[in-house]
Amino acid sequence: MKFLKAVSVVLMMVVVGNVSAQKKKTEKFEKLQIEMFPKAKEGFKQVYIQLPVAKNENDLKVEFFVGAEKMLDCNKHFLMGKVNTQDLQGWGYSYYEIESSGETGGTLMACPDQKKTKKFVSLQPEIVRYNSKLPLVFYVPKDLEVRYRILRPDAAMKKATQK
């Protein structure tokens, strides 16, 4: 009986330790508030990026891509359009309005196999500062999406070489 109690105590400790370790791994987010941003216009949708709290946020940047997956040939393609930064009046926050009809442009190389593959084609990527306290809010045409990645600096600065 004592053996069963000891085993059950050890198992409980392992389970509790494992659950608390999993909680530590989850990313911490600031409370999201986007109610003050305007509603999406007809034909557009509102999407946002909420960044997790990070150490040294001043060292980080966010690169975002607005685009869509399309069947494309071997050429280099890009989405035509632009990103407009707007100020949220009375709040001092910014949001992004995307102007694009979804048309693509690209190089005109000859593709010998004429094979098409599904690729993400985007507008020119934009880089903005990292701030977990404010969401990045976008108004994009319904057929487009927003993707992003977090840019981190190298550990040390490097010095340029003089000629």
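Residues numbered from 1 in each chain as written. Predicted model: local features only at pLDDT ≥ 70, side-chain atom pairs only at ≥ 80, totals over all residues. Heavy atoms only, no water.

**Q** Looking at this model, I keep getting lost on the sheet that holds strand E9 (residues 136-141). Mind explaining?
**A** Read from one edge of the open sheet, four strands run E1-E9-E5-E4, paired in mixed fashion. Across the chains shown, the open sheet's two edge strands, defined by having one partner strand only, are strand E1 (44-49) and strand E4 (82-88). Taken pair by pair, the neighbouring strands of this sheet meet at an average axis angle of 25°, ignoring direction. (Pairing = 2+ DSSP bridges. Helix = DSSP H or I, 4+ residues; strand = E, 2+ residues; numbered from the N terminus. Axes fitted to C-alpha atoms, helices over the stretch in contact; angles between N-to-C directions.)

**Q** Hey, could you run me through the confidence of the model for the protein chain in this one?
**A** Interpretation of this model should avoid reading the predicted coordinates in detail wherever pLDDT is low. The predicted model of the protein chain averages 86 in pLDDT, with 81% of residues at 70 or higher. In this model, residues 19-25 is a region of pLDDT below 50 whose contacts with residues beyond four sequence positions or in other chains number zero contacts. (pLDDT = per-residue confidence, 0-100. Contact = heavy atoms within 4.5 Å.)

**Q** Sorry, what's going on with the layout of surface pockets here?
**A** Take a probe with the size of a water molecule and roll it over the atoms, and the empty space left behind shows itself. Of the pockets and cavities examined, the largest pocket occupies roughly 240 Å³. Forming the boundary of the largest pocket are Phe 37, Leu 51, Gly 92, Tyr 93, Ser 94, Tyr 96, Val 128, Arg 129, Asn 131, Leu 134, Pro 135 and Leu 136. Where the lining of the largest pocket is concerned, the elements lending two or more residues are strand E5 (93-99) and strand E8 (126-129). Looking at the lining of the largest pocket element by element, the count peaks at three residues for E5. (1 Å grid on protein atoms, 1.4 Å probe; cavity = no way out; pocket = protein on both sides within 12 Å on 5 of 7 lines; lining within 4 Å. Points joined across faces, edges and corners; volume = space filled by probe spheres on them.)

**Q** What exactly am I supposed to notice about the state of the cysteines here?
**A** Every disulfide links exactly two cysteines, by a covalent bond between their sulfur atoms. Overall, the coordinates contain one disulfide when judged by the stated rule. The disulfide partner of Cys 74 is Cys 111, and the S-S distance across this bridge is 2.1 Å. Its torsion about the S-S bond being -95°, the disulfide of Cys 74 and Cys 111 is classed as left-handed. Linking Cys 74 in the loop between strand E2 (61-72) and strand E3 (77-79) with Cys 111 in the loop between strand E6 (104-106) and strand E7 (117-122), this pair joins segments that are 37 residues apart in sequence. (Disulfide = S-S within 2.5 Å.)

**Q** Explanation requested: the pattern of salt bridges in the structure shown.
**A** Any two side chains of opposite charge can pair, given that their charged atoms come close. Considering all chains together, one arrives at six salt bridges under this definition. With a shortest N-O distance of 3.8 Å, Glu 97 and Lys 41 are connected by a salt bridge. Here the residue Glu 97 occupies a position in strand E5, and Lys 41 occupies one in the loop between helix H1 (2-25) and E1, the gap between them amounting to 56 residues. Its salt-bridge partner being Asp 154, residue Lys 158 comes within 3.2 Å of it at the nearest N-O pair. For the pair shown, Lys 158 and Asp 154 are each scored as exposed. Because the salt bridges share partners, they merge into one network encompassing Glu 69, Lys 118, Glu 145 and Arg 147. (Salt bridge = Lys/Arg side-chain N within 4 Å of Asp/Glu carboxyl O. Buried < 20%, exposed > 50% of the residue type's maximum accessible area, 1.4 Å probe, protein only.)

**Q** Please explain the nonpolar core as it appears in this structure.
**A** Soluble globular proteins: nonpolar side chains tend toward being buried together. In terms of nonpolar packing, the biggest core is built from 18 residues, with Phe 64, Val 66, Tyr 96, Ile 98, Leu 136 and Phe 138 touching the most fellow members. Looking at this core, the elements with two or more residues in it are E2, E5 and E9. The leading source of residues in this core is E2, at four residues. In contact with Ile 98, other than residues within four places in its own chain, are Phe 44, Val 66, Lys 82, Val 83, Leu 123, Tyr 139, Val 140, Pro 141 and Leu 144. Judged by nonpolar contacts, the second largest core, of seven residues, contains Ile 34, Met 36, Phe 37 and Tyr 139. (Core = buried A, V, L, I, M, F, W, Y, C linked by side-chain atoms within 4.5 Å.)

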